[in-house]
Structures are given as structure tokens and as C-alpha cells.
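Per-entry structural report
Okay, here's what each chain looks like letter by letter:
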Amino acid sequence: MSAIDTLPPLREVIAGHGLRAKKALGQNFLLDLNLTARIARVAGDLSGTDVLEVGPGPGGLTRGLLAEGARHVLAVEKDARCLPALAEIAAACPGRLTVLEGDALALDPLAHLTPPIAICANLPYNVGTELLVRWLTPPDWPPVWRSLTLMFQREVAERIVAAPGSKAYGRLAVLAQWRCEARIALSLPPEAFAPPPKVSSAVVHFDALPAPRFPADAKILERVVAAAFNQRRKMLRAALKGLAPDIEDRLRAAGIAPTDRAEVVPLEGFCALARQFES
Ligand code: SAM
């Protein structure tokens, strides 16, 4: 039995440290350690890997990551009330868990880690999508991380893996599939969390590709795709009018009909269009 297994059940930890869930911080905790171990296993073989966990809360997933053999876990938590519970886990795994108190959106935690790096998190929806887009759009590729294993609302997970032509296809699908292999690895009902959220959730696993599938500048692609899907019912010549007065010529040069709508344009088409803006 490892020292992690001797820690008290999460319900006791939450009661003992008075961790009443705060809605404003998107706190829906995972209490089943079998489930957190399963999520940690989705991240792959963690031995010899540094793991960034954002939003550890009382530490259910943190325990899973450590039990699955992570070399080192850096956990960034905004809620100072969780720190004593996390300190107990750190004490059970000397030298393997560092906790940073703060807002993951304001810090650069990846700078503290040594590759290979895996990122694993069960985050509130807003913070999760914002961090995901940041992690997917660094100027250079491959990124410093090897994989992302992230919990989302089921509907957001479906948007990430959606194919062109489907209603769910949009900005997240293009940005994720351009540079990663992304798949839904686990689905979780609301009852898996305490307190249960209103909707179902899913864990999405992203493996960074060695190179993007098609050449494009990340920031330009992000801008073009955001504009295209912002008015997804409009023809692209209208939706993208604000980007350039000669947008119809640029669309044609990228092999896209100006009368098409964003949702039918494949990844390759958006990358070709982004290249039209590079000069
Ligand atoms: N990982 C824990 C689990 O699975 O039980 C907690 C998950 S809970 C959905 C989200 C966690 O993220 C909370 O502990 C919350 O305090 C934390 N959090 C929210 N916003 C954050 C931010 N901007 N930076 C770091 N942590 C944040």
C-alpha cells in the first residue's frame, strides 16, 4: 500500500477542511478515487513525466496522477481554502507535489516544469476553454507539452472533436484538430460530481502532433476562424468582409467558394485562407 492510499476519503477531507463548494469558482468535485485514477490513466504513462494540474480542489485527481506514477505534479489552485488538504497529499509524496496558489490564467506554470509534460485538469468551463485555446495556439509547434487531458461539458467536448458539416463544428474543432489528435476518452454523468452540475461532462484527450496538419500562422488562423464562425449562418464573403476588402479573391485563392458557410469548410481550407493573410 502506498502512502497515498492511507490518506482519508475525500468526503472526510472536504468536511474536515470546510470546503463547501463555491459556484463562482466552478467547484464540482470528483470524490470517487477509482474515477480519478481512470482519468489519470487517460493521460497515458506518467512515469518520468511532469504533470501540470490546474484546479486541484481537494485533490482527488491529484491523488490519481501521483498514484499513476507522475514524476512531479505542479498543481495551480485559486482557492486558498484547498491548500491544507493539498499539503497533506504533498506530505504523503515527498518531493513529488508542488502547489501554487493563484489564477492559472494569470500565471505561466509551464515554465516551472521539465519536459516531457502532460497537462491534466478538471476545470470550470470558461477557464477551461480559454486555457485550451492558449495551449493550442503558441506561435511554435510542437509545444512544450506532450498531451492534454481535460474535462469539459459534454457539449463542448463534442465541439472539439466535431467534423466539418456538423452543427458542432467550429473554432474549437479547427484549432484542436489542426495541431492535435483529439478524442473523447470518457463520459461522466452529473452524479459523478459533488455537487452535481446541470449537464453531463466528458474527458477529452489531446496528443500534440509533431507538426500541424497544414501550414498556417496560429494567430492569423485563430482570427480568421473566430470571424468565420462568429456569424456562422452567413456566407463567408459576408462573415469575413471586415477582414479585407478583397475577401472574395482571397477566399477563391484558398479554394473556398465565397458563398460557402464556415461550417462546410474543412481544416485545410481554413489554413489555406489564413496563409492568404500572411503577407
Ligand atoms: N480537480 C478537482 C476535482 O476534480 O475534484 C476540482 C475540480 S473543480 C471543477 C475546479 C477547480 O478549479 C476548483 O478547485 C476551483 O477552485 C479551481 N479554479 C477555478 N478557477 C481557477 C483558476 N482560474 N485558476 C486555478 N484554479 C481555478
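The text that follows walks through the structure, step by step, so that each part is easy to find. (Residues numbered from 1 in each chain as written. Predicted model: local features only at pLDDT ≥ 70, side-chain atom pairs only at ≥ 80, totals over all residues. Heavy atoms only, no water.)

By the criterion of burial, strand 6 (residues 147-153) is predominantly enclosed, with six of the seven residues buried. Of the pairings in the sheet, the one linking strand 5 (residues 117-122) to strand 6 comprises five bridges and is parallel in character. Across the sheet, residue cysteine 120 finds its bridge partner in strand 6, namely threonine 149. By the bridge criterion, seven bridges tie strand 6 to strand 9 (residues 201-208) in an arrangement that is antiparallel. Pairing of glutamine 153 across the sheet is with serine 201, part of strand 9. (Buried < 20%, exposed > 50% of the residue type's maximum accessible area, 1.4 Å probe, protein only. Helix = DSSP H or I, 4+ residues; strand = E, 2+ residues; numbered from the N terminus. Pairing = 2+ DSSP bridges.)

What follows covers the packing of helix 8 (residues 218-230) against helix 11 (residues 267-276). With their axes 9 Å apart at the nearest point, helix 8 and helix 11 run at an angle of 115° to one another. The two elements helix 8 and helix 11 meet at a crossing, and its hand is right-handed. Contact residues: Ile220, Leu221, Val224, Val225, Ala228 and Phe229 in helix 8; Phe270, Cys271, Leu273 and Ala274 in helix 11. Its residues placed into classes, the contact of helix 8 with helix 11 shows ten nonpolar, no polar and no charged. (Axes fitted to C-alpha atoms, helices over the stretch in contact; angles between N-to-C directions. Left-handed = near helix turned anticlockwise from the far one by under 90°. Contact = heavy atoms within 4.5 Å. Nonpolar A, V, L, I, M, F, W, Y, C, P; charged D, E, K, R; others polar.)

Among the 20 residues in the neighbourhood of the ligand, the closest are listed as Leu30, Gly55, Glu77, Asp103 and Asn122. Interatomic distance of 3.4 Å between a backbone N/O atom of proline 56 and a nitrogen atom of the ligand. Protein coverage of the free-state accessible area of the ligand, which is 590 Å², stands at 98%. Here the shell around the ligand is composed, by residue class, of eight nonpolar, seven polar and five charged. (Near = heavy atom within 4 Å. Polar contact = N/O pair within 3.5 Å; in protein donor to acceptor, adjacent residues only side chain to side chain. Areas by Shrake-Rupley, 256 points an atom, 1.4 Å probe, with all protein chains shown as cover.)

To continue, consider unusual backbone geometry. For the peptide bond that leads from proline 115 to proline 116, omega is 0°, which places it in the cis range. Note that proline 116 resides in the loop between strand 4 (97-101) and strand 5.

Inspection of every chain in the model, using the stated rule, returns three aromatic pairs. Between tryptophan 141 and tryptophan 145 the ring centres are 5.5 Å apart and the planes differ by 85°, which places this aromatic pair in the edge-to-face class. Considering the side-chain rings of tyrosine 169 and phenylalanine 229, the 5.7 Å spacing of their centres and the 85° angle between planes classify their relative orientation as edge-to-face. Of this pair, tyrosine 169 sits in the loop between helix 6 (154-160) and helix 7 (171-179) while phenylalanine 229 sits in helix 8, and the two are 60 residues apart along the sequence. Note on accessibility: tyrosine 169 and phenylalanine 229 belong to one class, buried. An aromatic cluster is built from Tyr169, Phe229 and Phe270, whose rings are joined through pairwise contacts. Here the basic side chain of arginine 250 rests over the ring of phenylalanine 277, its NZ or CZ set 4.7 Å away from the ring centre. (Phe/Tyr/Trp six-rings, centres within 6.5 Å; stacked < 30°, edge-to-face > 60°. Lys NZ or Arg CZ within 6 Å of the ring centre and 35° of its normal.)

Everything listed is a geometric property; what it means functionally is a separate question.
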